[in-house]
Protein chains: 2
Amino acid sequence: MNKEDYFIKHISNSKYIGDDGAFIDGFVYSMDSFFENVHFKKEWIDKGFISLKQIAYKSMIVNISDAIAMNARPKYALISIAIPNSFNENDLKELANGFKKAAKDFNIEIIGGDTIENSKLDISITIISKTNNPIYRRGVQLGDYIFYTGKLGNSKKDLESLLSGKKIKKNSKFIKPILRSDFFYEASKYINASMDISDGLFLDLEKFSIASNVGFEIFKKIKEEVGTSGEEYEILFCVSQKNLKKIEDIAKKHKTKINIFARAIKGSYRSSFSNHHFKE
Amino acid sequence: MNKEDYFIKHISNSKYIGDDGAFIDGFVYSMDSFFENVHFKKEWIDKGFISLKQIAYKSMIVNISDAIAMNARPKYALISIAIPNSFNENDLKELANGFKKAAKDFNIEIIGGDTIENSKLDISITIISKTNNPIYRRGVQLGDYIFYTGKLGNSKKDLESLLSGKKIKKNSKFIKPILRSDFFYEASKYINASMDISDGLFLDLEKFSIASNVGFEIFKKIKEEVGTSGEEYEILFCVSQKNLKKIEDIAKKHKTKINIFARAIKGSYRSSFSNHHFKE
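Reading the values: rules and limits
- Residues numbered from 1 in each chain as written.
- Chains lettered and ligands numbered in written order.
- Predicted model: local features only at pLDDT ≥ 70, side-chain atom pairs only at ≥ 80, totals over all residues.
- Heavy atoms only, no water.
- UniProt positions renumbered as here; feature names shortened; annotations may be inferred.
- Patch = residues over 30% accessible without salt bridge, like charges linked within 9 Å, V, L, I, M, F, W, Y side chains within 5 Å.
- Areas by Shrake-Rupley, 256 points an atom, 1.4 Å probe, with all protein chains shown as cover.
- Salt bridge = Lys/Arg side-chain N within 4 Å of Asp/Glu carboxyl O.
- Lys, Arg positive; Asp, Glu negative; His and termini not counted.
- Charge placed at Lys NZ, Arg CZ, Asp CG, Glu CD.
- Helix = DSSP H or I, 4+ residues; strand = E, 2+ residues; numbered from the N terminus.
- Buried < 20%, exposed > 50% of the residue type's maximum accessible area, 1.4 Å probe, protein only.
- Pairing = 2+ DSSP bridges.
- Contact = heavy atoms within 4.5 Å.

- Under an unreviewed UniProt entry, the name given to chain A is Thiamine-monophosphate kinase, and the source organism is Aliarcobacter vitoriensis.
- As its UniProt record puts it under Sequence similarities (unreviewed entry), chain A is described as follows: "Belongs to the thiamine-monophosphate kinase family."

**Examining a positive patch on the surface**
Residue and element names in this part refer to chain A.
For step 1, the next point in the chain: A contiguous patch of positive charge on the surface is contributed by Lys151, Lys157, Lys169, Lys220, Lys221, Lys223 and Lys257.
For step 2, the next point in the chain: Note on placement: Lys257 falls in the loop between α9 (244-253) and β10 (258-265).
For step 3, the next point in the chain: On the accessibility criterion, Lys257 (47% relative accessible area) is partly exposed.

**Quick look at the pairing of strand β6 (residues 145-149) of chain B**
Residues and elements named next belong to chain B.
For step 1, the next point in the chain: Here β6 lies mainly inside the structure; five of its five residues are buried.
For step 2, the next point in the chain: A two-sided burial pattern is seen for β6, the buried positions comprising Tyr145, Phe147 and Thr149 on one face and Ile146 and Tyr148 on the other.
For step 3, the next point in the chain: In this structure, β6 lies alongside strand β9 (residues 235-239), joined through four bridges in antiparallel fashion. Its bridge partner being in β9, Phe147 is matched across the sheet by Phe237.
For step 4, the next point in the chain: In the sheet, β6 pairs with strand β10 (residues 258-265) via five bridges, with the strands oriented antiparallel.

**Points about the environment of B:Met195**
Residue and element names in this part refer to chain B.
For step 1, the next point in the chain: Looking at the element boundaries, Met195 is found in strand β7 (residues 191-196).
For step 2, the next point in the chain: Placed 41 residues apart in sequence, Met195 and Leu236 show a C-alpha to C-alpha distance of 5.5 Å.
For step 3, the next point in the chain: Sequence-distant contacts of Met195, defined by excluding residues within four places in its chain, comprise Asp20, Ala69, Arg137, Asp204, Lys207, Phe208, Glu234, Ile235 and Leu236.

Structure, rendered in structure tokens:
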């Protein structure tokens with residue numbers, strides 16, 4: 001039993017569920033958790049592999065990523081944070097600085113939330129964003145070309161390094177994901193469907209397939225370590241043939257690497273891989 | 001150091017912070033956590049003192065309480081839930097039923113959230129509500145009379161029973177808080193300031209005092225076990241002398257018990273008690 005799918009199916013049949021966020025009357029609402037032992041480990045902090053400021057920053061970025069992938073501009077954030085009793089004033093300051101930096105980088109106002117004491121560091125964030133032109137997962141048209149931004153694979157590699165007790169590079173995307181907002185906002189008018197790559201390309205492609213009721217002809221070989229790398233926060237998107245040139249020009253303008261690798265066909269696409277979040 | 005105060009102060013200086021929710025352009029946004037070992041204990045579930053359905057229901061109610069206390073009608077909910085690996089399908093169904101019941105009772109649509117696997121059951125909820133006439137904590141005027149709804153004290157008593165391993169009544173407000181929405185929405189036009197009683201009357205009165213820059217003359221003795229009982233989710237509110245009769249009539253109409261106990265005066269009010277959430 002996949003708990004996530006089961007739970008979502010049983011809790012609500014809202015038409016707003018099924019995308020990176022819920023679009024209602026010009027706003028996008030999205031919420032994601034970032035929990036110790038699920039998304040990061042305390043020993044990585046203790047060993048200096050990642051700082052509390054970076055943890056807080058990443059917890060914001062993975063949420064902002066959802067807004068961008070729906071072509072929405074983040075405006076407000078609510079942050080609920082559960083903090084270990086052992087944290088001192090400096091720890092709290094580091095966390096606060098990470099949240100504040102992300103808020104500043106993306107022009108977001110932190111408008112509330114909740115702070116409690118807990119056995120471990122657990123963060124949940126809600127982002128309220130605005131758009132006049134939301135992009136959904138369900139918009140893939142037959143014949144569309146499928147792209148992803150950036151380079152995939154290093155998040156998985158870096159996670160494995162961390163899990164085996166090894167330090168990773170300071171500029172690792174696993175520590176600091178790179179969001180493609182400038183490229184994506186400009187390209188948005190030519191994009192039929194999109195989502196961010198959080199569970200890995202193969203699994204996210206499956207979600208695309210289910211939402212749009214299409215299959216995919218993958219014409220560029222995707223290695224397993226590339227297609228199963230989660231927490232990449234690159235964007236998966238699709239474009240009609242007639243707009244390919246426009247997308248390429250906008251990508252060039254923003255120096256954003258984009259990779260064309262598949263085409264939407266009749267049928268369905270299913271991944272045989274499950275997501276990489278480590279279990280306790 | 002009070003971690004909550006410290007953190008809020010350092011993370012944002014938004015003018016929207018400081019009430020039960022943030023009011024922006026007709027919407028109120030509020031977010032609260034409901035965590036195992038902070039708000040409830042696993043052994044209460046194991047012993048049958050409280051069901052998973054009741055836990056889920058209460059986690060929604062304490063969030064809806066914030067919306068009502070600002071005179072807002074809840075519309076949408078985002079739910080992030082961290083579920084122990086040991087939970088079976090029936091456990092998940094019970095949780096889902098609790099969320100769905102609260103959503104139905106208050107006409108809320110669940111529009112998204114996040115589900116992860118975790119070492120314990122931790123819930124965070126964001127409620128999006130609507131109002132044309134938000135009521136803040138900062139509205140207390142000198143001379144205003146201060147009220148609370150219902151009866152205070154039993155939540156603390158029931159929590160103490162649970163903590164000492166004793167069963168409590170099925171209709172305990174600690175398990176199922178009673179929200180005063182019908183009374184409060186109708187009375188709202190005569191109310192100058194309000195908030196829900198979550199930390200205990202004395203502590204919440206202190207927040208009123210800080211927000212409105214007033215003191216309080218307490219003319220009805222409040223026993224310690226009444227004034228320090230948290231998680232009551234009754235409403236603390238204040239009314240000008242000229243509207244006392246109207247408020248009393250509306251309370252009578254809705255069969256809502258209201259208690260007048262203090263008056264706003266120059267000065268400041270500080271509680272000497274801290275909040276009752278148990279620490280691990």
